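# A structural walkthrough
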Amino acid sequence: MRALTWHGTKDVRVETVDDPEIVNPRDAIIKITSTAICGSDLHLYDGVIPGLKPGDILGHENMGEVVEVGPKSTLKKGQRVVVPFTISCGGCFHCHIEQYSACENSNPAEKQDMSAALYGQPMAGLFGYSHLTGGYSGGQAEYLRVPFSDVGPIVIPDHLEDDKVLFLSDILPTGWMAAENADIQPDDTVAVWGCGPVGLFAIQSALAMGAAQVIAIDHYPHRLELARKLGAKIINFRETHVLEALMEMSGGIGVDAVIDAVGMEAHGFALDNMLEVVKQKVGIGADRAHALREALLAVRFGGKVSIPGVYGGLTDKFPTGAIMEKGLQIKTGQTHVQKYTKLLLEKIEDGTLDTTFLISHRLPLEQAAEGYKNFKEQQDTWTKVVLKPGMEATA
């Protein structure tokens, strides 16, 4: 089959690789019909996530048609399914309490040591996201093996086209959980750093949950315009002093809740951020956490902090004093996708949530490397790239 493989920093290639096969009784094989490039894929592309090996297949936002099933799979051939990026067994302690991204059994024992050393316990398995998370092949390919297929995939009705439901795999549940983690109350003012896909879905979700005011912070004009169309007020951090603006917009006490949808590769020319850019480029494991620092200073005393943005290592000059002295409540983590897919599918079907506005480009799988390059370098206009195996090449 053809698949998008990683070979080094900013070096991804579409190559011919072996087709996946059923390995365990609960496996299924799907023929990919749509797969997307995620903002967190750019952390792999940029080489700031450890544990990748040349030839690894990327991609964790996947859907397709079931073409083969193991004897203990609950799926049937011919069904259309969206596959959560989190690989979860359904039977461990964490799965039982719906913390699916903390599954204890999906990361193979021989792969657990690296993440256990970094984080105290091993990470769960994820599709296409390095050997820290199990070394599973991703779905930016023609076919994908889905472990624990009786737990993860959600069957999609035939009347819903791929574009409407593909993002149930990751970014829509991630945006929803980000807003849920902010414990939004009807009179809350919520500030969201980052108007990429997760940030935009967090804005949409926060408004759907009843936030009185949502403020979007970014510097890309088109992305800020998308946020405005969703109903957010906007701040361009290159034109406005963010902390001063947020204090004014919150009546002088600070915003009630903040959502960091930026993560480890923050943009901007603040001194802390520029120093961390240098550290990342020379190989020091420093996350660029400028957006999170700013969020912690902007939120009011007793406020709520939600962190869906991906962080992988350590960060310097972190305002732990602000966390304690302000009595902040912090929630974060990889998304428990399986917890939210049924609810969000219903909201897509009844029109409460729309995801199609986000898609800016559709490319054949063969042009995936081009998609990565432009998604990285033209982030204002390349808001979301969907790859379609078998699609004819575009000019």
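Reading the values: the criteria
- Residues numbered from 1 in each chain as written.
- Predicted model: local features only at pLDDT ≥ 70, side-chain atom pairs only at ≥ 80, totals over all residues.
- Heavy atoms only, no water.
- Pairing = 2+ DSSP bridges.
- Helix = DSSP H or I, 4+ residues; strand = E, 2+ residues; numbered from the N terminus.
- Right-handed = clockwise from strand over helix to strand, strands pointing away.
- Axes fitted to C-alpha atoms, helices over the stretch in contact; angles between N-to-C directions.
- Parallel < 35°, antiparallel > 145°, perpendicular 65-115°, else oblique.
- Left-handed = near helix turned anticlockwise from the far one by under 90°.
- Contact = heavy atoms within 4.5 Å.
- Buried < 20%, exposed > 50% of the residue type's maximum accessible area, 1.4 Å probe, protein only.
- Arc of directions from axis to C-beta.
- Phe/Tyr/Trp six-rings, centres within 6.5 Å; stacked < 30°, edge-to-face > 60°.
- Polar contact = N/O pair within 3.5 Å; in protein donor to acceptor, adjacent residues only side chain to side chain.
- Core = buried A, V, L, I, M, F, W, Y, C linked by side-chain atoms within 4.5 Å.
- Nonpolar A, V, L, I, M, F, W, Y, C, P; charged D, E, K, R; others polar.

Bringing the pairing of strand 13 (residues 233-236) into the picture now. Looking at chain direction, strand 12 (residues 213-218) and strand 13 are connected through 4 bridges and run parallel. Across the sheet, the residue bridging to Ile217 is Ile235, located in strand 13. With respect to chirality, the unit in which strand 12 leads through helix 7 (residues 221-230) into the neighbouring parallel strand 13 is right-handed.

Moving on to the packing of helix 5 (residues 171-181) against helix 6 (residues 197-208). Their axes nearest at 7 Å, the elements helix 5 and helix 6 cross at an angle of 50 degrees. With respect to helix 6, the axis of helix 5 lies oblique. Here the hand of the crossing between helix 5 and helix 6 comes out right-handed. On helix 6, the residues touching Ile171, Leu172, Thr174, Gly175, Trp176, Ala178 and Ala179 of helix 5 are Pro197, Val198, Phe201, Ala202, Gln204, Ser205, Ala206 and Ala208.

Extensive coverage of strand 11 (residues 189-193) is indicated by the burial of 5 of its 5 residues. The pairing of strand 11 with strand 12 spans 5 bridges and is classified as parallel. Its bridge partner being in strand 12, Val192 is matched across the sheet by Ala216. Note that the unit made of strand 11, helix 6 and strand 12 has a crossover that is right-handed. Where strand 11 meets strand 14 (residues 255-260), 4 bridges bridge the pair, whose relative direction is parallel. Residue pairing across strands places Val192 opposite Ile259, the latter belonging to strand 14.

Along helix 7, the residues that are buried comprise Arg223, Leu224, Leu226 and Ala227. Down the axis of helix 7, the buried side of the element spans an arc of 155 degrees, and every buried residue falls inside it. In helix 7, the exposed positions angled more than 90 degrees off the buried face are occupied by Pro221 and Lys229. In this structure, the buried side of helix 7 is in contact with helix 6, strand 12, strand 13 and helix 13 (368-377).

Turning next to the sheet that holds strand 2 (residues 11-16). Within the open sheet, the 3 strands sit side by side as 2-1-4. Their pairing is antiparallel. Whereas interior strands pair on both sides, the edge strands pair on one side only; in this sheet they are strand 2 and strand 4 (56-57). Examined bridge by bridge, strand 1 (residues 2-8) and strand 4 share 2 bridges and lie antiparallel to one another. Within the sheet, the bridge partner assigned to Thr5 lies in strand 4 and is Ile57.

Each α-helix turn comprises 3.6 residues. Residues three or four places apart therefore point the same way. Among the 11 residues that make up helix 5, 10 are buried, leaving the element largely enclosed by the rest of the structure. Of all the positions in helix 5, only Ile171, Leu172, Pro173, Thr174, Gly175, Trp176, Met177, Ala178, Ala179 and Asn181 are classed as buried. Buried residues along helix 5 sit in contact with strand 5 (61-69), helix 6, strand 14, strand 15 (299-307), strand 16 (329-332) and helix 12 (337-349). Trailing helix 5 by a residue or two, Asp183 shows a phi angle of about 50 degrees, which is positive.

Scanning the model with the defined rule gives 3 aromatic pairs in all. Measuring from centroid to centroid gives 6.1 Å for Phe167 and Phe201, while their planes differ by 50 degrees, and the two rings are tilted. In this pair, Phe167 is assigned in the loop between helix 4 (162-165) and helix 5 and Phe201 in helix 6, connecting sequence segments 34 residues apart. A relative accessible area of 0% means that Phe201 is categorised as buried. Plain terms: the ring middles of Phe201 and Phe357 are 5.9 Å apart, the flat faces sit at 85 degrees to each other, and that makes the pair edge-to-face. Of this pair, Phe201 sits in helix 6 while Phe357 sits in the loop between helix 12 and strand 17 (361-364), placing them 156 residues apart in sequence. We classify Phe357 as partly exposed; its relative accessible area is 24%.

Tracing the backbone shows Thr5 in strand 1. A polar side-chain atom of Thr5 sits 3.0 Å from a polar atom in the side chain of His7. Filtering out sequence-adjacent residues up to four positions away, Thr5 remains in contact with Asp11, Val12, Arg13, Glu15, Val17, Gly55, Asp56 and Ile57.

Another point: the nonpolar core. Ranked by internal contacts, the top residues of the largest apolar core, which has 46 residues, are Ile156, Phe167, Leu168 and Ile203. Elements supplying a minimum of two residues to this core: helix 5, strand 11, helix 6, strand 12, helix 7, strand 14 and helix 12. The residues touching Ile156, leaving out its near neighbours within four places in the chain, are Met63, Arg80, Val81, Val82, Val165, Leu168 and Leu345. Grouped together as the second largest cluster of nonpolar side chains are 26 residues, Trp6, Val14, Ile37 and Val385 included.

Helix 10 (residues 290-298) packs onto helix 8 (residues 242-249) with a crossing angle of 35 degrees between their chain directions and a minimal axis gap of 10 Å. Seen from above, helix 8 lies across helix 10 with right-handed handedness. Facing helix 8, whose interface residues are Val242, Leu243 and Leu246, helix 10 presents Glu294, Leu297 and Ala298. Tallied by class, residues from the contact of helix 8 with helix 10 come to 5 nonpolar, no polar and 1 charged.

The next point concerns the sheet that holds strand 13. Sheet architecture is open: 6 strands sit in the order 13-12-11-14-15-16, paired in parallel fashion. The sheet is open, and its two borders are formed by strand 13 and strand 16, each paired with just one other strand. Strand-to-strand twist of the sheet, defined as the mean angle between neighbouring strand axes without regard to direction, takes the value 20 degrees. Contacts from helix 7 reach strand 12 and strand 13 within the one sheet, and its direction differs from that of strand 13 by about 160 degrees. Against the sheet, helix 10 touches strand 11, strand 14 and strand 15, its axis set at about 150 degrees to strand 15.

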